[in-house]
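One-letter residues, chain by chain:
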Amino acid sequence: MSLRTSPGTTAVAPGGDALLDEELGRRLREADEVAFAAIYRKWSPLVHTMATRSLGDSWEAEDVTQQVFIGAWRGRAGFHQERGPLGAWLVGITRRKIIDALAARTRRLTLAKAAASMAETTQPPTAPPEAVLDRVLLVHELASLAPVQREILCMAFFDDLTHTQIARRTGIPLGTVKSHCRRGLQKLRDGIEQGLPEAA
Amino acid sequence: MTPHRREVAVPHLTHDLLADLALGNAAAGGADEALRHLARCGDCRGRLARLDRVVAAAHGIEEPDLPAAPPERVWREILRELTPPSGKAEPAG
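Predicted model only: the values in this text are computed from it and were never measured.

**Topic: the interface of chain B and chain A**
Next, step 1: Tallying the contact residues gives 44 residues for chain B and 49 residues for chain A.
Next, step 2: Taken over both partners, the interface formed by chain B and chain A buries close to 4200 Å², and the fraction arising from carbon and sulfur atoms is 61%.
Next, step 3: On inspection of chain B and its partner chain A, the count reaches 12 salt bridges.
Next, step 4: The residue R53(A) makes a salt bridge to E62(B) at a minimum N-O spacing of 3.0 Å.
Next, step 5: If you look at where chain B meets chain A, you find 15 residue pairs in polar contact (both at pLDDT 80 or more).
Next, step 6: Of all the secondary-structure elements, those providing two or more residues to the side of chain B that touches chain A are α1 (15-22), α3 (42-59) and α4 (72-82) of chain B.
Next, step 7: For the side of chain B that touches chain A, the leading source of residues is α4(B), giving nine residues.
Next, step 8: Its residues assigned to classes, the side of chain B that touches chain A shows 25 nonpolar, seven polar and 12 charged.

The structure is reproduced here in structure tokens:
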């Protein structure tokens, strides 16, 4: 890879820019290094935060982040637009790398235990901490909603306001409030489920 | 459809109604019927649980859940790993 440009200088505006993502995915498959840097710029905060929050160790989280993008570059032929968007593919890789890192940690712990006391060597099941990943993915997805929709949902979530109260407080028609809540909740659900093996 | 069951086939709850329930907006008429349907229908309970999970996640958000970019060295390491020793770009394809 000959790329010299730093990816960290300008932030890509968060936003469900599906067309841009499609373009990035297509160019990744063509081994376009500029697109790869843009992909890193756009998704590395999400990948890194997922890793940090589930592993709780900044060194391991950096390592996982690195592995995700190295894996994405080397495995780019395995990305198929028709099976789902680029973001979900990257989130799926991240989920698997986190599980691998947790499993490696369990193995180290088991070995240490066995060495110390010949303790039981049954491995506890390695599951990613779903609740924390839900929260990280939710924050990411909230940021990609239209501002009005985000505002309305935040009032519903954090101020526990009903549709009627939100309509009264904002002056937005009740029907519009309802449809923002319903559609928004659907988008957020899809956001936290992305990259799961069984997710549609 | 399970014609052998005694229960009359009730249409499943709409996403809109489930979303209203998840966000605590189901006080309007029809909620009783919806709750009765939920009590019998595992599919709809499952769909509601997926929305409840969103609401629970939102209530649990903490400051460290906000996206934080990795340090610069992560990108440098990635480039180092992907650059062959010759320094030439990896061949496309």
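**A short note on the packing of helix α8 (residues 174-193) of chain A against α3(B)**
Next, step 1: In contact at an axis separation of 9 Å, α8(A) and α3(B) are set at 85 degrees when each is read in the N-to-C sense. Put simply, α8(A) runs roughly perpendicular to α3(B). Side by side, α8(A) and α3(B) meet where L185(A), L188(A), R189(A), I192(A) and E193(A) of the first sit next to R50(B), L51(B), R53(B), V54(B) and V55(B) of the second.
Next, step 2: The residue inventory of the contact of α8(A) with α3(B), partitioned by class, reads six nonpolar, no polar and four charged.

**Examining helix α6 (residues 147-158) of chain A**
An α-helical turn contains 3.6 residues, so any two residues separated by three or four positions project in the same direction.
Next, step 1: Relative to the 16 Å expected for 12 residues at 1.5 Å per residue, α6(A) spans 16 Å between its end C-alpha atoms, a close match to the ideal helical length.
Next, step 2: Buried residues of α6(A): Q149(A), I152(A), L153(A), M155(A), A156(A) and F157(A), and no others.
Next, step 3: Contact partners of the buried residues in α6(A): α7 (163-170) and α8 of chain A together with α3 of chain B.

The rules we used
Residues numbered from 1 in each chain as written. Chains lettered and ligands numbered in written order. Predicted model: local features only at pLDDT ≥ 70, side-chain atom pairs only at ≥ 80, totals over all residues. Heavy atoms only, no water. Contact = heavy atoms within 4.5 Å. Buried area = accessible area lost by both parts, 1.4 Å probe. Salt bridge = Lys/Arg side-chain N within 4 Å of Asp/Glu carboxyl O. Polar contact = N/O pair within 3.5 Å; in protein donor to acceptor, adjacent residues only side chain to side chain. Helix = DSSP H or I, 4+ residues; strand = E, 2+ residues; numbered from the N terminus. Nonpolar A, V, L, I, M, F, W, Y, C, P; charged D, E, K, R; others polar. Axes fitted to C-alpha atoms, helices over the stretch in contact; angles between N-to-C directions. Parallel < 35°, antiparallel > 145°, perpendicular 65-115°, else oblique. Expected span 1.5 Å × (residues − 1). Buried < 20%, exposed > 50% of the residue type's maximum accessible area, 1.4 Å probe, protein only.

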